[in-house]
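Overview (structure and organization)
The chain contents come next:
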Amino acid sequence: QVQLVESGGGLVQPGGSLRLSCAASRITARVLNMGWYRQAPGKQRELVAVITSGGSTNYADSVKGRFTISRDNAKNTAYLQMNSLKPEDTAVYYCNAQIGSSGSWSIYWGQGTHVTVSS
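A brief report on the enclosed structure follows. (Residues numbered from 1 in each chain as written. Predicted model: local features only at pLDDT ≥ 70, side-chain atom pairs only at ≥ 80, totals over all residues. Heavy atoms only, no water.)

Some points on the sheet that holds strand 8 (residues 77-82)
Adjacent strands of a sheet form backbone hydrogen bonds with each other and so pair up, either parallel or antiparallel. Taking strand neighbours across the sheet as the criterion, the four strands line up as 1-3-8-7 in an open arrangement whose pairing is antiparallel. Where the open sheet ends on each side, the last strands, each with one partner, are strand 1 (3-7) and strand 7 (67-72). Averaged over all neighbouring strand pairs, the angle between strand axes comes to 15°, with direction disregarded. Where strand 7 lies against strand 8, six bridges are found, and the strand directions are antiparallel. Bridging from a neighbouring strand, Ser70 pairs with Tyr79 of strand 8. (Pairing = 2+ DSSP bridges. Helix = DSSP H or I, 4+ residues; strand = E, 2+ residues; numbered from the N terminus. Axes fitted to C-alpha atoms, helices over the stretch in contact; angles between N-to-C directions.)

In structure tokens form, the structure reads like this:
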């Protein structure tokens, strides 16, 4: 079965940077959209950024201009470069992937990686 594994989370000071990675394995179909979501304690999970198989991107207003999503299709890996981090960015970050053929696909989630922005 498909597996998504996030890495790169940790503790960083405000204004600092982190780079998250999401590696997909056991892929037997086309990887369509990939995205990053986050969830803070007591809050709903929210979309952070998404990237299509063709490289088109979209971002939440709260991270636009600070975060950059990218992907390496040969490695089945997505990345999230996070710059100018704020305490409000503290959350568990989850990778998401849409995998399948045209007209029929499934959604997969990673286990999450913690990001804490604090002095």
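Concerning the nonpolar core
Residues Met34, Trp36, Val48, Phe67, Leu80, Met82 and Tyr93 are the most contacted members of the largest nonpolar core, which totals 29 residues. Those elements that place two or more of their residues in this core are strand 3 (18-25), strand 4 (31-39), strand 5 (46-51), strand 7, strand 8, strand 9 (91-101) and strand 11 (113-117). Counting residues per element, this core draws most heavily on strand 9, at five residues. Filtering out sequence-adjacent residues up to four positions away, Met34 remains in contact with Cys22, Ala49, Val50, Ile51, Ile69, Arg71, Ala78, Cys95, Asn96 and Ala97. (Core = buried A, V, L, I, M, F, W, Y, C linked by side-chain atoms within 4.5 Å. Buried < 20%, exposed > 50% of the residue type's maximum accessible area, 1.4 Å probe, protein only. Contact = heavy atoms within 4.5 Å.)

Remarks on the pairing of strand 8
The buried count for strand 8 comes to five of six residues, which makes it a mostly enclosed element. Taken together, the six bridges between strand 3 and strand 8 define a ladder with antiparallel strand orientation. In the strand pairing of strand 8, Ala23 is matched with Thr77. Counting the residues that bridge the hairpin from strand 7 to strand 8 gives four residues, and of these Asn76 lies at a positive phi of roughly 50°.

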